Number of protein chains: 2
Amino acid sequence: MDGGMSTARRVTATDVARRAGTSQSAVSRVFTPGASVSPDLRERVMEAARSLGYRPNAIARSLITRRSRIVAVAMADLGNPFYALVLEALSARLQAEGYQILLFTADPAAPSDPMIEQVMRYQVDAVVLASTGLSSALARECRALGVPVVMFNRMTDDPDLSCVTGDNERGGREVAAFLASGGHRRPAFIAGLEGSSTNRDRERGFVRGLAEAGLAAPPRAAGYYSYEGAAAATRALLREAAPDAIFCANDHMAIACIEVARHELGLSIPGDLSVVGFDDVGPARWRSYDLTSFSQPLGPMVEATVGMLLEFMDDPSLPVRRVVVGGELVLRGSARRPPAPLPCP
Amino acid sequence: MDGGMSTARRVTATDVARRAGTSQSAVSRVFTPGASVSPDLRERVMEAARSLGYRPNAIARSLITRRSRIVAVAMADLGNPFYALVLEALSARLQAEGYQILLFTADPAAPSDPMIEQVMRYQVDAVVLASTGLSSALARECRALGVPVVMFNRMTDDPDLSCVTGDNERGGREVAAFLASGGHRRPAFIAGLEGSSTNRDRERGFVRGLAEAGLAAPPRAAGYYSYEGAAAATRALLREAAPDAIFCANDHMAIACIEVARHELGLSIPGDLSVVGFDDVGPARWRSYDLTSFSQPLGPMVEATVGMLLEFMDDPSLPVRRVVVGGELVLRGSARRPPAPLPCP
DNA sequence: CAGGTTTTTGCATACGTATGCAATGGAGGA
DNA sequence: TCCTCCATTGCATACGTATGCAAAAACCTG
């Protein structure tokens, strides 16, 4: 038995028209919001459509309207809960506006430009680049083709590209000020991906903040935004630099850092070592970590992204925009706090 | 300034043909693998395509070939790392086969059938339902339309539907046997979503396993597969039932359970309470939890899913298949172990 | 070199919908 | 009653590609 799989030819608007005793155009108009159709005809067409199981073919519609109502989203690292939640929020928000997400997962190791080559063939209405590894060359190319692009959580020097980011540099600065005023003398830094703008900005802010507090540039090790990478970086830093605090470029790495420090090396957090993360994503709140972290407000960032996309799709000639969504240092228990209230920087 | 956004009309195969001094069909053939084109013409066309920036229109192609090379994936709860990783693996695997994922996120609370109504309009080549909340009615409907469907991590009574699951019932049984032989006398259960097949099978196996070990049906509370739900369930169970072990229907909830037991109620894990999860997903390995868990091997499950999809797309008349991917109880430190080796059940 | 075979190419058409335009019909006003 | 106006409907065409078919070209074979 084949389970009842039928080879049913798809039902087209013409089939419905024939059954309703009218023309294909009329059927089209019934399914086009705002078109002029008499109540009588509408009823007949709907009835015929229902009984035949008609579903408008979005592909054919896209061909003629030149709008697919599809937004391409390029992502990497869904193992990082921040990105997983971003994707979920983006999808929910876009679906509410009648758009669907065509997902592209980028292997951060492999070059992803050929991947986008595929994307563009689908006539997507817009593109969201949320993968730190993607070259901005292809973003420019999309724009040149008239397809709106928003870089999510990824700044760029290119003035022709729109982006939405958290306040990375300020975050790094505030973490530095917080650690310094907490009496830490040898803070270290675990970097994310070396090429990424988020890492660059967070590190720059951190180093500047330390300098403003009279502290030297921190020892650093790269964790590549991965759990294993951060674990290795923590081991190396603790072996070689004897830091009294570690700022990790995201929460995912901060968790690995805490695990290694606490369970491999027997350190007490924050007694022997303070740890600070970045993102303030779900697990930061879990009591085992109770992670002090600079927040990236996911909701507002997604809202800003979708808002820009909708505006750009409405009018592609709108000027580029670069949105920075502010965050704040969320104080929890993974880092020693200053005795007095934190002075305003 | 508008950032250089041009209103470039899209380049079509006809444009390329004109420039290469040939016909549109020839251009089409150059971009169709396996078609017959002379090296000379191919070179001329490629050159013209390159200089014009031509990209074949996948939408138009789909219209005529009736294949979109798009697979719809319905998901809910990307906050659960298991599903986030599944999505990443599915996407990587399908991209390698030349397919893209059109993502549908289902709000487990809202009815999702109207959502799928939208999906079907995109002429997707196949559908993966990985959301526990989706009705199987629409799955049947997809099948009736000739679109292959695979239910992921979701069993169904309907013999007309294919599915890939972990070994839920056996997992529940093994957890029960393990806890019983570890000397636990009052194991409890935190359920996931009441309607879901995963929860039903895991619970059934657990209850049967306990019975085989001479233990009564466990006290239970529903955690709805969410962190907060499981936290509340843990509080309720510990207040009312005084269990010496808790089996949670997935890892995500087991982590919430450990957090609440350890940090709110000051219990030692596994000294005062053993906790066992299901999935063996990333955080289970984190040392703070060191979670004993029955594994659902993500790689093999995704592999089985994609394999079935490819076969079904190749030949839609193939018989339905129901694949159970075996897992194993991964022993870690969150549950007291039996003194002697676990007897074979 | 003739005749046959295979490869390459272009023509024409189909895929399923949206939409400009003209035709139809009915309502309303004088 | 006749004319105007507007709402409704159908006709025809366009969107960009793939593909069957036949013409043309290239290649063999004896």
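Reading the values: rules and limits
- Here, residues in each chain are numbered from 1, in the same order as that chain's written sequence.
- Whichever chain is written first becomes A and whichever ligand is written first becomes 1, with later ones labelled in order.
- Whole-chain, interface and lining totals are the exception, using all residues; otherwise, since this is a predicted model, local features are given only for residues with pLDDT of at least 70 and side-chain atom pairs are given and counted only at 80 or more.
- Side-chain descriptors were evaluated using all non-hydrogen atoms of the structure, hydrogens and water having been removed beforehand.
- Secondary structure elements are defined from DSSP: runs of H or I of at least 4 residues count as helices, runs of E of at least 2 residues count as strands, and each element is numbered from the N terminus.
- Think of a nonpolar core as a cluster: buried Ala, Val, Leu, Ile, Met, Phe, Trp, Tyr and Cys residues, connected wherever their side-chain atoms sit within 4.5 Å.
- When a residue's accessible area, from a 1.4 Å probe over protein chains only, is under 20% of the maximum for its type it is buried; when over 50% it is exposed; and in between it is partly exposed.
- For two strands to be treated as a pair, DSSP must find at least two bridges joining them.
- Contacts are residue-level and defined by heavy atoms, with any inter-residue pair within 4.5 Å sufficient.
- Joining two parts hides part of their accessible area as seen by a 1.4 Å probe, and the buried area is that hidden amount summed over both.
- By salt bridge we mean one thing: a side-chain nitrogen of Lys or Arg within 4 Å of a carboxyl oxygen of Asp or Glu.
- Identification of polar contacts relies on pairs of N or O atoms within 3.5 Å, with a donor-acceptor requirement for protein atoms, meaning one able to donate a hydrogen and the other able to accept it, and with residues adjacent in sequence counted only if both atoms are side-chain atoms.
- In this analysis, rings of Phe, Tyr and Trp, with Trp reduced to its six-membered ring, are considered paired at centre separations within 6.5 Å, and the interplanar angle assigns stacked below 30 degrees, edge-to-face beyond 60, and tilted for intermediate values.
- A ring is scored as having a charge over it whenever the NZ atom of a lysine or the CZ atom of an arginine sits within 6 Å of its centre and within 35 degrees of its normal.
- Only a single heavy atom is needed: when it lies within 4 Å of a molecule or strand, its residue is near that molecule or strand.
- In this analysis an axis means a line fitted to C-alpha atoms, helices contributing only their contacting stretch, and an angle means the value between N-to-C directions, from 0 to 180 degrees.

Q: Got a minute to help me understand the environment of Glu259(A) in this structure?
A: Considering the arrangement of structural elements, one finds Glu259(A) in helix α11 (residues 251–264). Between the alpha carbons of Glu259(A) and Leu193(A) there is a distance of 21 Å; along the sequence they are 66 residues apart.

Q: Whenever I open this one, the nonpolar core confuses me. Can you help?
A: One recurring pattern in soluble globular proteins is that nonpolar side chains are buried together. Counting residues in hydrophobic clusters, the biggest one holds 86 residues, and the most contacted among them are Ile246(A), Val275(A) and Val275(B). Membership of the second largest hydrophobic core comes to 60 residues, among which are Leu94(A), Leu309(A), Leu78(B) and Phe82(B).

Q: Would you take a moment to explain the pairing of strand β2 (residues 100–105) of chain A for this structure?
A: Most of β2(A) is tucked away: six of the six residues are buried. The alternating pattern of β2(A) places Gln100(A), Leu102(A) and Phe104(A) on one face and Ile101(A), Leu103(A) and Thr105(A) on the opposite face, and all of these are buried. Judged from the six bridges that link them, strand β1 (residues 70–75) of chain A and β2(A) form a sheet pairing that is parallel. Looking across to β2(A), one finds that Ala74(A) is bridged to Phe104(A). Two elements, β2(A) and strand β2 (residues 100–105) of chain B, share three bridges in a ladder whose sense is antiparallel.

Q: I'm lost on the interface of chain A and chain B in this one. Help?
A: A common measure of how large an interface is: the accessible area buried when the components associate. On the chain B side, the residues contacting the 68 residues of chain A number 68 residues. Buried area between chain A and chain B, summed over both chains or domains, comes out near 6300 Å², and the portion from carbon and sulfur atoms is 56%. Inspection of the chain A/chain B interface yields zero salt bridges. Between the two partners, chain A and chain B, sit 20 residue pairs in polar contact (both at pLDDT 80 or more). When contributions to the side of chain A that touches chain B are tallied by element, the ones reaching two or more residues are α4 (58–65), α5 (81–96), β2, α6 (113–121), α7 (136–144) and α11 of chain A. Looking at which element gives the most residues to the side of chain A that touches chain B, the answer is α5(A), with seven residues.

Q: What is the right way to read the packing of aromatic side chains from this model?
A: Ring pairs (aromatic) are described by centroid distance and by the angle formed between their planes. Using the criterion set out here, one finds 19 aromatic pairs over all chains in the structure. Relative to Tyr83(A), the ring of Phe82(A) has its centre 5.4 Å away and its plane inclined at 70 degrees; by these criteria the two rings are edge-to-face. Comparing Phe82(A) with Tyr83(A), the two get one shared label, buried. Among the aromatic residues, those joined into a cluster by ring pairs are Tyr227(A), Trp286(A), Tyr289(A), Tyr227(B), Trp286(B) and Tyr289(B). Seen from the ring of Phe278(A), Arg202(A) lies directly overhead, with NZ or CZ sitting 4.0 Å from the centre.

Q: Could you clarify how one ought to interpret the protein's contact with DNA strand C in this entry?
A: In the neighbourhood of DNA strand C, 26 residues make up the surrounding shell, with Ala13(A), Ser28(A), Arg61(A), Thr22(B) and Ser36(B) lying closest. When the atoms of DNA strand C within 4 Å of the protein are grouped by moiety, sugar and phosphate amount to 59% of the total. Contact distances for DNA strand C include 3.5 Å between a base oxygen and a side-chain N or O atom of Ser25(A). For DNA strand C, a phosphate oxygen lies 2.6 Å from a polar atom in the side chain of Ser28(A).

Q: What should I look at first to understand the sheet that holds strand β9 (residues 274–279) of chain B in this one?
A: Sheets are built from strands paired through backbone hydrogen bonds, the pairs being either parallel or antiparallel. All names here are of chain B. In space, the six strands of this open sheet follow the order β7-β6-β8-β9-β10-β12, with mixed pairing throughout. If you trace the sheet from one side to the other, it starts and ends with β7 (220–222) and β12 (329–330), each paired once. When strand β6 (residues 187–191) meets strand β8 (residues 245–248), the two strands line up parallel, connected through four bridges. Across the sheet, the residue bridging to Ile190 is Cys248, located in β8. Sitting on the sheet, helix α10 (residues 227–240) touches β6, β7 and β8, and the angle it makes with β6 is about 150 degrees. The strands touched by helix α11 (residues 251–264) within the sheet are β6, β8, β9 and β10 (292–295), with β9 carrying the most contacts at an inclination of about 160 degrees.

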